[in-house]
Amino acid sequence: MPPPGSNCNPSMCPNRDLNSPPFVYGMTLQPIEPPGQDFILMADSKPLPSLDWDPVAAEALLRDVFGVVVDEVIWKGTSASEKVCEWKEPEELKQLLDLELRSQGESKEQILERCQAVIRYSVKTCHPRFFNQLFSGLDPHALAGRIVTESLNTSQYTYEIAPVFVLMEEEVLKKLRALVGWSSGDGVFCPGGSISNMYAVNLARYQRFPDCKQKGLRALPPLALFTTKECHYSIKKGAAFLGLGTDSVRVVKADERGKMIPEDLERQISLAEAEGAVPFLVSATSGTTVLGAFDPLEAIADVCQRRGLWLHVDAAWGGSVLLSQTHRHLLDGIQRADSVAWNPHKLLTAGLQCSALLLRDTTNLLKRCHGSQASYLFQQDKFYDVALDTGDKVVQCGRRVDCLKLWLMWKAQGGQGLERRVNQAFALARYLAEEMKKREGFELVMEPEFVNVCFWFVPPSLRGKQESLDYSERLAKVAPVLKERMVKEGSMMIGYQPHGTRGNFFRLIVANPALTQADMDFLLNELERLGQDL
């Protein structure tokens, strides 16, 4: 109970002498002159009605919206008997959604109809027949974390407004670093793996040339960074964004499976030096986007150690394999990296977005590189340890909370449960590949090493005609046709692309933890049905 004489509700403070001056934080406030007439009128007037917040109406709306989400997304959206998507052409979809924003508001009933329409015409990425991206599925505990995160609506930059999440983020990052093999280090959650990769490039540049933070590009010699053509496109985008230019990205040869060739890395470094450039970073990939390849990190780390180069590992896709005792050998050597990008929203199904940049550095490099000491946020005379204010580590100011969904899911599943999830994905990818070998009309691009299953569907009209001069050209037209058919029917979604000299082929991602062998059988049968007349 507050002390007698404090500013509190009289019903809550029976000992308070209402005739005594108010007591605030140890100070007795002296009476002041009576307020003017304008103030009295303002104080005596009735409070203005809230235009935006009626708690009863808000609760009713949210309960109804959550009901729609449970029915239409969580139940129907994950049901194999429902469509993955209900395809509409853009102009028709605009009319169905009634996208125009008007001056007058709408009723609760209309708002619920809006929510139902948005869900109806959206792609159900949680559907067991959605194989299109590197993310899929729905974890209920991660979703619960996302709901709590959005409801609290805080920014992860200072301890004073995000105390729970500042501590939680560090604990989650510590766990991820331990799986990489580091007992110490730093890190931050980023708005996607592309930004994690760009941060790594910026940090490597700053570590080598710290004057560039103040003086910019004029403080730099021509720089060179190295990766393969299999890398994520964010490496070239990052080079352009950071002012290095895409010409600074030197392409290292990859073998037939898409893995970097360390001997060519050595050659490219020497070539760059001979041309007057300064090598500063190598970006290896653990889990390439198309083929799912894992670069040989030990051999690449040897090169980086000899040459004094920063080693970044883009494990946005493949990082979650570290949880599997059976398959983590694919990332042998990752503990020798300087930085690692890892997206738990992909294979672990943490939900978009959940992207970690992990650093071996213990010298506060993130803050030294990106910090600007804004005095209105990062005051140094706060009443708590200001080291807990992590916002100056990043380029962003406002930063959403991305740790809770992963933390809550991990609490529910445990490391063992997440390991089973990873192992199950590998097992189903292997099952699918073996089943393809038993069926006419399916041709693997290569044996899958990861959960990317790349293949051609050869329709009846092309079977046995591999020697025809136009075979490759005609085969490349099959995947786009089948993609259109499956999407317009809503039966499933599988991505396709050309790759090097190879024409269009399907890249199917086995990541949804709800998948079964029956789903693998379905997609094979469905491709045969959709392509039987081609």
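For the protein chain, an unreviewed UniProt entry supplies the name Cysteine sulfinic acid decarboxylase and the organism Myotis myotis. In its Cofactor (unreviewed entry) section, UniProt records this for the protein chain: "pyridoxal 5'-phosphate".

The subject of this paragraph is the side chain of Thr390. Note on placement: Thr390 falls in the loop between α12 (365-370) and α13 (404-437). The class of Thr390 is buried, set by a relative accessible area of 11%.

With that out of the way, let us pick up unusual backbone geometry. A cis amide bond, omega -10°, links Leu352 with the succeeding residue Gln353. Structurally, Gln353 can be placed in the loop between β9 (339-342) and β10 (355-359). Backbone geometry places Asp98, a non-glycine residue, at a positive phi of 50°. Within the secondary structure, Asp98 is located in the loop between α3 (90-97) and α4 (108-120). Judged by its relative accessible area of 26%, Asp98 falls in the partly exposed class. Unlike most non-glycine residues, Asn364 shows phi in positive territory, near 65°.

Moving on, we get to helix α6 (residues 163-180). Between its terminal C-alpha atoms α6 stretches 26 Å, which fits the 26 Å expected from 18 residues at 1.5 Å a residue. Lining the buried residues of α6 we find α5 (140-152), β4 (186-190), β9, β10 and α13. The first or second residue beyond α6 is Gly181, which carries a positive phi of 120°.

Rules and cut-offs
Residues numbered from 1 in each chain as written. Predicted model: local features only at pLDDT ≥ 70, side-chain atom pairs only at ≥ 80, totals over all residues. Heavy atoms only, no water. UniProt positions renumbered as here; feature names shortened; annotations may be inferred. Helix = DSSP H or I, 4+ residues; strand = E, 2+ residues; numbered from the N terminus. Buried < 20%, exposed > 50% of the residue type's maximum accessible area, 1.4 Å probe, protein only. Expected span 1.5 Å × (residues − 1). Contact = heavy atoms within 4.5 Å.

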